[in-house]
Amino acid sequence: MTAYVITVPGTFLRTLDAGSRAALLRGLRPSDPQNTALGEAEELDMLTVNEGGTFSVRLEIEADNRRAAEAEAKRVAGAALTGAGFSPDEAPLGPAFVTGIDSEY
């Protein structure tokens, strides 16, 4: 297994208020990339929200390969968004991609 740091972009189509943001961060916390050497060195934030509602979620995912890590990151991000009260139509996600790899090899 390899630890991947995966970025999942998206767009909030309704306002992310303080309560929803806190709930979203709680849902993402177990996959915080700060626990990886790359995340610590790069000071990666789990959630970045830009003007216009675009956002990026960065997660640490353990997987056998890149494709599995990207799929799991989208699942985790989607579940956290749902838990924070956002439907897939209110916060659509873009394609996930590898930001870094933290491997022992």
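Note that the structure is predicted; figures quoted are calculated from it, not measured. (Residues numbered from 1 in each chain as written. Predicted model: local features only at pLDDT ≥ 70, side-chain atom pairs only at ≥ 80, totals over all residues. Heavy atoms only, no water.)

Focus on the packing of helix H1 (residues 18–28) against helix H3 (residues 66–83)
Packing of H1 against H3 brings their axes to within 8 Å, and their N-to-C directions diverge by 145°. Between H1 and H3 lies a crossing of right-handed hand. Mapping the contact onto sequence places Ala-23, Leu-24, Gly-27 and Leu-28 in H1 and Val-76, Ala-77, Ala-80, Leu-81 and Gly-83 in H3. Split by residue class, the contact of H1 with H3 holds seven nonpolar, two polar and no charged. (Axes fitted to C-alpha atoms, helices over the stretch in contact; angles between N-to-C directions. Helix = DSSP H or I, 4+ residues; strand = E, 2+ residues; numbered from the N terminus. Left-handed = near helix turned anticlockwise from the far one by under 90°. Contact = heavy atoms within 4.5 Å. Nonpolar A, V, L, I, M, F, W, Y, C, P; charged D, E, K, R; others polar.)

Points about the side chain of Arg-58
Structurally, the position occupied by Arg-58 is in strand S3 (residues 54–63). At 3.0 Å, the side chain of Arg-58 forms a polar contact with the side chain of Thr-48. (Polar contact = N/O pair within 3.5 Å; in protein donor to acceptor, adjacent residues only side chain to side chain.)

Comments concerning the sheet that holds strand S2 (residues 47–49)
Spatially, four strands are ordered S2-S3-S1-S4 in an open sheet, and the strand pairing comes out antiparallel. Two strands close off the open sheet at either side, each with one partner strand: S2 and strand S4 (97–102). Taking the axes of each pair of neighbouring strands and ignoring which way they run, one obtains an average angle of 20° across the sheet. Both strand S1 (residues 2–11) and S4 contribute to a ladder of five bridges, which runs antiparallel. (Pairing = 2+ DSSP bridges.)

Here we look at the pattern of salt bridges
Two side chains that carry opposite charge are able to pair once their charged atoms sit near each other. For the structure on display, the rule yields three salt bridges. Across the pair Glu-70 and Arg-66 runs a salt bridge, and its minimum N-O distance is 2.9 Å. Of the two residues, Glu-70 and Arg-66 both sit in helix H3, four residues apart, roughly one turn of that helix. With a closest N to O distance of 2.7 Å, Arg-75 and Glu-72 form a salt bridge. Of the two residues, Arg-75 and Glu-72 are both situated in helix H3; the distance of three residues between them amounts to about one turn of the helix. Exposure remark for Glu-72: the relative accessible area of 29% places this residue in the partly exposed category. (Salt bridge = Lys/Arg side-chain N within 4 Å of Asp/Glu carboxyl O. Buried < 20%, exposed > 50% of the residue type's maximum accessible area, 1.4 Å probe, protein only.)

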